[in-house]
Amino acid sequence: MIITELLAILSIAAATGLRLALPLLLIGLMSGPQLWANVPLLAQLPPALVLGVLATWSIAELMLSKDRYSQRFFQILELVLSPGVGALAGIGIARTLGLDSWLNLLVGLISGLLALVIQLLQVGLFFRPLRPPLWSFFVVDGLCIVLAVLAFDAPNQGGIIALLLLWLVSRTSYLWQHWPRRSQPK
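The structure contained in this document is the topic of the report that follows.

Scoring rules and cut-offs
- Residues numbered from 1 in each chain as written.
- Predicted model: local features only at pLDDT ≥ 70, side-chain atom pairs only at ≥ 80, totals over all residues.
- Heavy atoms only, no water.
- Helix = DSSP H or I, 4+ residues; strand = E, 2+ residues; numbered from the N terminus.
- Buried < 20%, exposed > 50% of the residue type's maximum accessible area, 1.4 Å probe, protein only.
- Contact = heavy atoms within 4.5 Å.
- Areas by Shrake-Rupley, 256 points an atom, 1.4 Å probe, with all protein chains shown as cover.
- Lys, Arg positive; Asp, Glu negative; His and termini not counted.
- Charge placed at Lys NZ, Arg CZ, Asp CG, Glu CD.
- Patch = residues over 30% accessible without salt bridge, like charges linked within 9 Å, V, L, I, M, F, W, Y side chains within 5 Å.
- Salt bridge = Lys/Arg side-chain N within 4 Å of Asp/Glu carboxyl O.
- Bend = angle between axes of the 7 residues up to and from the residue.
- Phe/Tyr/Trp six-rings, centres within 6.5 Å; stacked < 30°, edge-to-face > 60°.
- Polar contact = N/O pair within 3.5 Å; in protein donor to acceptor, adjacent residues only side chain to side chain.
- Axes fitted to C-alpha atoms, helices over the stretch in contact; angles between N-to-C directions.
- Parallel < 35°, antiparallel > 145°, perpendicular 65-115°, else oblique.
- Left-handed = near helix turned anticlockwise from the far one by under 90°.
- Nonpolar A, V, L, I, M, F, W, Y, C, P; charged D, E, K, R; others polar.

**Observations regarding the overall build of the protein chain**
At step 1: Regarding its fold elements, the protein chain presents seven helices and zero strands.
At step 2: Starting at the N terminus and ending at the C terminus, the protein chain contains elements arranged as α-α-α-α-α-α-α.
At step 3: Taken over the C-alpha atoms alone, the protein chain extends approximately 65 × 35 × 25 Å along its principal axes.
At step 4: A buried classification covers 46% of the 186 residues belonging to the protein chain.
At step 5: Taking contacts inside the protein chain between residues at least 6 apart in sequence as the whole, the part at least 24 apart equals 75%.
At step 6: For the protein chain, the computed accessible surface area is about 10400 Å², with 73% contributed by carbon and sulfur atoms.
At step 7: Across the protein chain, the centroid of the 11 positively charged side chains sits 21 Å from that of the 7 negatively charged ones.

**Focus: a nonpolar patch on the surface**
At step 1: On the surface, L6, L106 and I110 cluster together into a nonpolar patch covering about 230 Å² of accessible area.
At step 2: Tracing the chain through its elements places I110 in helix 5 (residues 104-126).

**Looking at helix 4 (residues 68-96)**
Think of an α-helix as turning once every 3.6 residues; residues three or four places apart then point the same way.
At step 1: Of all bends in helix 4, the biggest is about 50°, found at L81, and the proline P83 comes one to four residues later.
At step 2: Positive phi appears at G98, one or two residues downstream of helix 4, with a value of about 80°.

**Examining the packing of aromatic side chains**
At step 1: Taken as a whole and judged by the stated rule, the model has two aromatic pairs.
At step 2: Through successive ring pairs, a cluster of aromatic residues spans W57, F73 and F74.

**What about unusual backbone geometry?**
At step 1: For L35, which is not glycine, the phi dihedral falls at a positive 50°.
At step 2: By secondary structure assignment, the location of L35 is in the loop between helix 2 (21-30) and helix 3 (47-64).

**Looking at the side chain of N38**
At step 1: Relative to the elements of secondary structure, N38 occurs in the loop between helix 2 and helix 3.
At step 2: Among the polar contacts listed, one links the side chain of N38 to the side chain of T96, at a separation of 3.0 Å.
At step 3: Not counting residues up to four positions away in its chain, the partners in contact with N38 are I91, G92, R95 and T96.

**Thoughts on the packing of helix 2 against helix 3**
Helix packing for two helices is described by the angle between their axes and how far apart those axes are.
At step 1: The contact between helix 2 and helix 3 brings their axes to 8 Å, and the two run at 140°. Overall, the two elements helix 2 and helix 3 adopt an arrangement that is oblique. Viewed along their axes, helix 2 and helix 3 form a crossing whose handedness is left-handed. In contact with A21, L22, L24, L25 and L29 of helix 2, helix 3 contributes L51, L54, A55, W57, S58, E61 and L62.
At step 2: The class makeup of the residues in the contact of helix 2 with helix 3 is 10 nonpolar, one polar and one charged.

The structure is reproduced here in structure tokens:
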């Protein structure tokens, strides 16, 4: 059924919207001996190099993204790279699940846009006057891992979580636009 594959793609796209390298690392580790053979650009690189770079970048994302100053660096980089990484991860999952190759462009577009929208919400949250609490960073990391694992093990549940996350993003952006502003004292 194509709905299950679409939900798996939405799940991995939402995970790449939260963090970049961690979902790609989990795709490789959960793919078995073929590692990143289905991910377009990563298939041309040596697996040991890809594993080293993704593991290092994942550790940096998990540890350094909690610091206020390095967080800005990660946000800018993730905002720029999230559509491309989301498209790569979505196409990789589509190839792993055996979807037709003519769907790759559509899958890449949808997963890249979902990753970008979720990343835009994260950037918007961190540029608010009050910084989110530290525990919220750990929730984002955990949600990223859960979504990446569910893309393989339970795509229906992962896709539903991704759709709920998309609803939360659209609802949050609506609230930000219509939130009453405090008048500035004269």
